[in-house]
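Inside the fold
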Amino acid sequence: MFTYHTRTHFDELDAQWILHHSRQIAHVERAQQALFDEVMGMTVFDPHAFPDLNVVVKRLEVDYLRPLRGVRPFTIRLRVSGLRACVLTTGFELLSADGAELYSRGEREVCKLSMRTMEPTLWTDVFRERYERLRHEEWKS
């Protein structure tokens, strides 16, 4: 389980002071990058140094359960739920900073592409080994 702490900003809120749904996804993407940074020991965002960064989103599914209102801190939890030859599936939850309220949850699936051909390609051995370890963790309630 990977936990990412972030906060909403005024410019992300709609007229009802609710974090816009598209901004929730932007925060999930930032959490995904932070997870990759930690797991792979990445110090610079460079697909030439880390070819497993060269991905496209294949599927994104979100259930919006309750509004995330106002400028406030919140938490994103990620867990690896699937790892195949060139596809990584990550579950996510957006929660209040104290974990008491669940705002949304979903799954994000990415496919790794070859930087040369832009066709699906296998994960590196290091990526597969490190992410496979994460795949067996469950949500902690």
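What comes next concerns the included structure. Worth saying up front: this structure is predicted, and the values here are computed from it rather than measured. (Residues numbered from 1 in each chain as written. Predicted model: local features only at pLDDT ≥ 70, side-chain atom pairs only at ≥ 80, totals over all residues. Heavy atoms only, no water.)

1. A word on the overall build of the protein chain
As a reminder, the rule being used: Secondary structure counts use DSSP, requiring at least four H or I residues in a row for a helix and at least two E residues in a row for a strand, with both numbered from the N terminus. When we talk radius of gyration, it's over C-alpha atoms, and the globule rule is simply 2.2 Å times the number of residues to the 0.38. Residue contacts are defined here by distance: any two heavy atoms, one from each residue, within 4.5 Å place the two residues in contact. Computed with a 1.4 Å probe, the accessible areas rest on the Shrake-Rupley method; for each residue, only the protein chains presented here act as cover. Asp and Glu are treated as the negative residues and Lys and Arg as the positive ones, with His and the ends of the chain left uncounted. Working definition for charges: the position is that of NZ of Lys, CZ of Arg, CG of Asp or CD of Glu.
In terms of regular secondary structure, the protein chain is built from two helices and five strands. Going from the N terminus to the C terminus, the protein chain shows its helices and strands as β-α-β-β-β-β-α. Radius of gyration (C-alpha) of the protein chain: 16 Å, near the 14 Å computed for a compact globule of 141 residues. Taken along its principal axes, the extent of the C-alpha atoms in the protein chain is 45 × 30 × 25 Å. Looking at the protein chain alone, contacts between residues at least 24 apart form 65% of all its contacts between residues at least 6 apart. About 8000 Å² of surface is accessible on the protein chain, with carbon and sulfur atoms providing 51% of the total. Here the protein chain holds 20 positive side-chain charges and 21 negative ones, and the gap between their average locations is 1 Å.

2. Re the packing of helix α1 (residues 21-40) against helix α2 (residues 125-135)
This is how the line gets drawn: Structural elements are reduced to axes, namely lines fitted to C-alpha atoms, with helices fitted over the stretch in contact, and the angle between N-to-C directions of any two is expressed from 0 to 180 degrees. Here the word oblique covers every angle except those under 35 degrees (roughly parallel), over 145 (roughly antiparallel) and from 65 to 115 (roughly perpendicular). Left-handed describes a crossing in which the near helix is turned anticlockwise from the far one by less than a right angle; the clockwise case is right-handed. By the convention adopted, Pro, Cys, Tyr, Trp, Phe, Met, Ile, Leu, Val and Ala count as nonpolar, Lys, Arg, Asp and Glu as charged, and the other residues, Gly among them, as polar.
Two elements in contact, α1 and α2, have axes separated by 10 Å at closest approach and are oriented at 110°. One finds that α1 runs roughly perpendicular with respect to α2. Along this stretch, α1 crosses α2, giving a crossing that reads as right-handed. Taken together, the residues of α2 that come into contact with α1 (itself represented by L35, F36, V39 and M40) are V126, F127, R130, Y131 and L134. When grouped by side-chain class, the residues that make up the contact of α1 with α2 number eight nonpolar, no polar and one charged.

3. What to know about the sheet that holds strand β4 (residues 87-96)
Formally: By the convention used here, strands pair only if DSSP detects at least 2 bridges between them.
Strands sit in the order β1-β3-β4-β5-β2 across an open sheet of five strands; the sheet is antiparallel. Only two strands of the sheet have a single partner each, and these edge strands are β1 (2-7) and β2 (55-64). Within this sheet the neighbouring strands show an average axis-to-axis angle of 25°, counted without direction. Two elements, β4 and strand β5 (residues 102-112), share nine bridges in a ladder whose sense is antiparallel. Pairing of L94 across the sheet is with S104, part of β5. Running over the sheet, α1 touches β1, β2, β3 (73-83), β4 and β5 and is turned about 135° from β1. Of the strands in this sheet, β3 and β4 are in contact with α2, which crosses β3 at around 110°.

4. A few points about the pattern of salt bridges
Just so we agree on the cut-off: Between Lys or Arg on one side and Asp or Glu on the other, a salt bridge is scored when a side-chain nitrogen of the former is within 4 Å of a carboxyl oxygen of the latter. Accessible area is worked out with a 1.4 Å probe on protein chains only. A residue is then buried under 20% of its type maximum, exposed over 50%, and partly exposed in between.
Tallying each qualifying case throughout the model produces 13 salt bridges. Across the pair K112 and D52 runs a salt bridge, and its minimum N-O distance is 3.1 Å. On the criterion of sequence distance, the pair formed by K112 in strand β5 and D52 in the loop between α1 and β2 is long-range, its members being 60 residues apart. Per residue, the accessibility class of K112 equals that of D52, and both read buried. One salt bridge in this structure joins E109 and R84, with 3.9 Å as the shortest N-O distance. With E109 in strand β5 and R84 in the loop between β3 and β4, this pair connects stretches of sequence that are 25 residues apart. Since its relative accessible area comes to 8%, E109 is described here as buried.

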